[in-house]
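Each chain, written out:
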Amino acid sequence: MSGPNDSSGANGGGNESGRLPGRNRRRFEGVSSRAYEHPADRSALVALRKLSGFDTVFKALSGLLPERSLRLLFLSDSVRVSDQQFAHLNDMLRDACYILDLPRVPAMYVTQDPKPNAMCIGLDEPIIVVTTGLVELLDEEEMRAVVGHEVGHALSGHSVYRTILLFLTSLALRVAWIPLGNLAIMALVTALREWFRKSELSADRAGLLVGQDLQASMRGLMKIAGGNHLHEMNVDAFLKQAEEYEESGDLRDSVLKILNVLPRSHPFTTVRAAELKKWAASRDHQRIMDGHYPRRSEDKDTSVYDSFKESASHYADTVKTSKDPLMKLLADIGSGAGDIGGRLRGRFTGTPGQGSGSSERPPKDSPHSPPES
């Protein structure tokens, strides 16, 4: 495969304003979103895209979704990014679309909200929305990574499922008084949130491919977590928090982690930073930067089985290498090692239990002692 081109000033395939990006960045011509998608995200998307009649079902569902209302809302009550309004964001958007070779530049809006946030929504055409809180919080390179993150959502087709998630969440609130109906919808919402958390890890990778500055991506995540006090924060210490979060506690903490993350659409910020740094140091990322990546022209030949196999392999490796108490227990159960009851007691109480690693021999004078050989 040919190597990526340099993005030497061509913002979004021809920016009339003539403004150039801050520095040259590599362009990934014809890149498939499979290049940066998290394995769990990728397998779910490949399976959905292969389903017979999938597009027909979603077009029928689109009549129920408030997409037209959302478009009119942002058009009437937000500021549309263009050469005349938020021109620096417009340059970033076009540059991101050029680097990831997105065929059509999506509409982008800035909406008044002090909470830093961004999203990509829409069924037929994606819309990118960023809040004033985010624009005011981040510097140019940090914001570039965020814009690339949202363009990555657009390229992956995440905006469709994000819109459905917003719709179902709203619907769940309206039918909360119907016990069975609400349970059914919340089951779908929970499943979509689990997928969407993985899609956020994918989009973080897309943001890195666009910004091509890992430190800027790290700074942006730290600011989202701790505000505009960069001089008070440290990247290494921030990443250390992610390690502590994964390793600390017993099974009770593992259960609390699951309960804490269930209502969230995004993974915790320290976890995102650690995942992104790990991927940046991986061979997969280096191959993309060297120009060896899957192309969109090859997407139709993608094997659903291979994607699920890769996802299963990823989760198996995660369980094996994780330092989380619950993941360690699952690894122990999977290997058939030791006394599971003792391990459960030990992991829940944070104390080493019987069967926690070594098999104890009874004393020699015990009636259960094995005979001396």
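Structural data are supplied above this passage.
Within every chain, residues take consecutive numbers counted from 1 along the sequence as written. Only residues with pLDDT of at least 70 get local features here, since the model is predicted, and only at 80 or more are side-chain atom pairs given and counted; chain-wide, interface and lining totals rely on the full set of residues. Computation of side-chain values: all heavy atoms of the structure, hydrogens and water removed.

Describing the pattern of salt bridges
What counts as a salt bridge is simple: a side-chain nitrogen of Lys or Arg found within 4 Å of a carboxyl oxygen of Asp or Glu. Across all of its chains, the model carries 13 salt bridges by this definition. Between Asp101 and Arg27 there is a salt bridge, with its nearest N and O atoms 2.9 Å apart. Here Asp101, found in the loop between helix H4 (87-99) and strand S4 (107-111), pairs with Arg27, found in strand S2 (residues 25-27); they are 74 residues apart in sequence, far enough to count as distant. In this structure, Asp101 and Arg27 share a single accessibility class: buried. Two residues, Glu243 and Lys240, come together in a salt bridge whose shortest N-O distance is 3.6 Å. Labels follow the DSSP assignment, with helices taken as runs of H or I lasting at least four residues and strands as runs of E lasting at least two, numbered in each case from the N terminus. Using a 1.4 Å probe on the protein chains alone, a residue whose accessible area is under 20% of its type maximum counts as buried, one over 50% counts as exposed, and one in between counts as partly exposed.

Focus: the side chain of Asp101
Judged by relative accessible area, which is 18%, Asp101 ranks as buried. Definition of a polar contact: a pair of N or O atoms within 3.5 Å, with one able to donate and the other able to accept a hydrogen when the atoms are protein atoms, and with sequence-neighbouring residues admitted only if both atoms are side-chain atoms. Only 2.9 Å separates the side chain of Asp101 from the side chain of Arg27, close enough to count as a polar contact. What makes two residues a contact is simply this: any of their non-hydrogen atoms within 4.5 Å. Beyond its immediate stretch of four places on either side in the chain, Asp101 contacts Arg27, Phe28, Glu29, Gly30 and Arg296.

What about the packing of helix H6 (residues 140-156) against helix H9 (residues 214-226)?
All axes here are fitted lines through C-alpha atoms, helices being fitted over the stretch that makes contact, and every angle between N-to-C directions spans 0 to 180 degrees. Two elements in contact, H6 and H9, have axes separated by 8 Å at closest approach and are oriented at 90 degrees. Considered as vectors, H6 and H9 are oriented roughly perpendicular to each other. On the side of H6, the interface is formed by Glu141, Glu142 and Ala145, while H9 contributes Ala216, Ser217, Arg219, Gly220 and Lys223. Throughout, the term roughly parallel applies to angles under 35 degrees, roughly antiparallel to angles over 145, roughly perpendicular to angles from 65 to 115, and oblique to all others.

Some details on helix H12 (residues 269-280)
In an α-helix there are 3.6 residues to a turn, and that puts residues three or four apart on one side. Each helix should span, by expectation, one fewer than its residue count multiplied by 1.5 Å. Under the 1.5 Å per step criterion, the end-to-end length of H12 is 16 Å for twelve residues, consistent within 8% with the ideal 16 Å. Taken residue by residue, H12 has Thr269, Thr270, Arg272, Ala273, Leu276, Trp279 and Ala280 as its buried positions.

Here we look at the packing of H9 against H12
Relative orientation of the contacting elements H9 and H12 amounts to 170 degrees, with a least axis distance of 9 Å. Relative to H12, H9 is oriented roughly antiparallel. Where H9 abuts H12, its residues Leu214, Ser217, Met218, Leu221 and Ala225 lie against Thr269, Arg272, Ala273, Leu276, Lys277 and Ala280. Residue type decides the class: Asp, Glu, Lys and Arg count as charged, Ala, Val, Leu, Ile, Met, Phe, Trp, Tyr, Cys and Pro as nonpolar, and the leftover types, Gly among them, as polar. In terms of residue class, the contact of H9 with H12 is made up of seven nonpolar, two polar and two charged.

Some words on the nonpolar core
In terms of nonpolar packing, the biggest core is built from 46 residues, with Phe28, Leu89, Leu100, Val130, Met143 and Val151 touching the most fellow members. Beyond its immediate chain neighbours, meaning those up to four positions away, Met143 contacts Leu89, Met92, Val130, Leu134, Val135 and Leu138. Nonpolar cores were defined as sets of buried Ala, Val, Leu, Ile, Met, Phe, Trp, Tyr and Cys residues, with membership established by side-chain atoms within 4.5 Å.

Topic: the sheet that holds strand S6 (residues 127-131)
Judged by pairing direction, the sheet is mixed, and its four strands sit side by side in the order S3-S4-S6-S5 without closing on themselves. Of all the strands in the sheet, the pair left with one neighbour each is strand S3 (79-80) and strand S5 (118-121). Strands are treated as partners if at least two bridges between them are detected by DSSP. Relative to S4, S3 runs antiparallel, the two being bridged by two bridges. Bridge pairing in S4 links Val79 to Val110. In the packing of H6 onto the sheet, contacts are made with S4, S5 and S6, and the angle to S5 comes to roughly 20 degrees.

Notes on the state of the cysteines
One covalent bond between the sulfur atoms of two cysteine residues makes up a disulfide. For this text, the term disulfide refers to a pair of cysteine sulfurs within 2.5 Å. Considering all chains together, one arrives at zero disulfides under this definition. The thiol of Cys97 is not disulfide-bonded; the next cysteine sulfur, from Cys120, is found 9.8 Å away. The class of Cys97 is buried, set by a relative accessible area of 2%. The class for Cys120 is buried, based on a relative accessible area of 4%.

Here we look at the packing of aromatic side chains
In this scheme Phe, Tyr and Trp rings, the latter by its six-membered ring, pair at centre separations within 6.5 Å, and the angle between planes marks the pair as stacked below 30 degrees, edge-to-face above 60, and tilted otherwise. On inspection of all chains with the given rule, the structure shows three aromatic pairs. Arranged with centres 5.7 Å apart and planes meeting at 70 degrees, the rings of Tyr245 and Phe268 form a pair that is edge-to-face. Here Phe268 lies in the loop between helix H11 (251-261) and H12 and Tyr245 lies in helix H10 (residues 235-247), a separation of 23 residues in the sequence. Classification of Tyr245 by relative accessible area gives partly exposed; the value is 29%. Throughout this description, the term charge over a ring refers to an Arg CZ or Lys NZ atom that lies within 6 Å of the ring centre and within 35 degrees of the ring normal. Directly above the ring of Tyr98 sits Arg27, whose terminal nitrogen or CZ lies 4.1 Å from the centroid.

Here's the deal with the pairing of S6
Every regular strand shows the same layout, with side chains that alternate between the two sheet faces. Along S6, five of the five residues are buried, which leaves the element largely enclosed by surrounding structure. Side chains of S6 alternate between two faces, with Ile127, Val129 and Thr131 and Ile128 and Val130 buried alike. As judged from the five bridges shared by S4 and S6, these two strands associate in the parallel manner. What sits directly across from Thr111, in S6, is Thr131. By the bridge criterion, four bridges tie S5 to S6 in an arrangement that is antiparallel. Note on S6: the bridge partner recorded for Met119 is Val129. Where S5 folds back onto S6 in an antiparallel hairpin, the turn is made up of five residues, including Gly122, whose phi is positive at roughly 120 degrees.

Here we look at the side chain of Thr270
Following the sequence through the fold, Thr270 ends up in helix H12. Non-local contacts of Thr270, meaning those with residues more than four positions away in its chain, are made with Phe238, Gln241 and Ala242.

Notes on the environment of Phe74
Counting through the fold element by element, Phe74 comes out in helix H3 (residues 67-77). Taking the C-alpha atoms as reference points, Phe74 and Val129, separated by 55 residues in sequence, lie 8.4 Å from one another. In this view, Phe74 contacts Tyr109, Met119, Ile121 and Val129; residues no more than four positions away in its chain are not counted.

Fair warning: the whole summary comes from geometry, so function is off the table for now.
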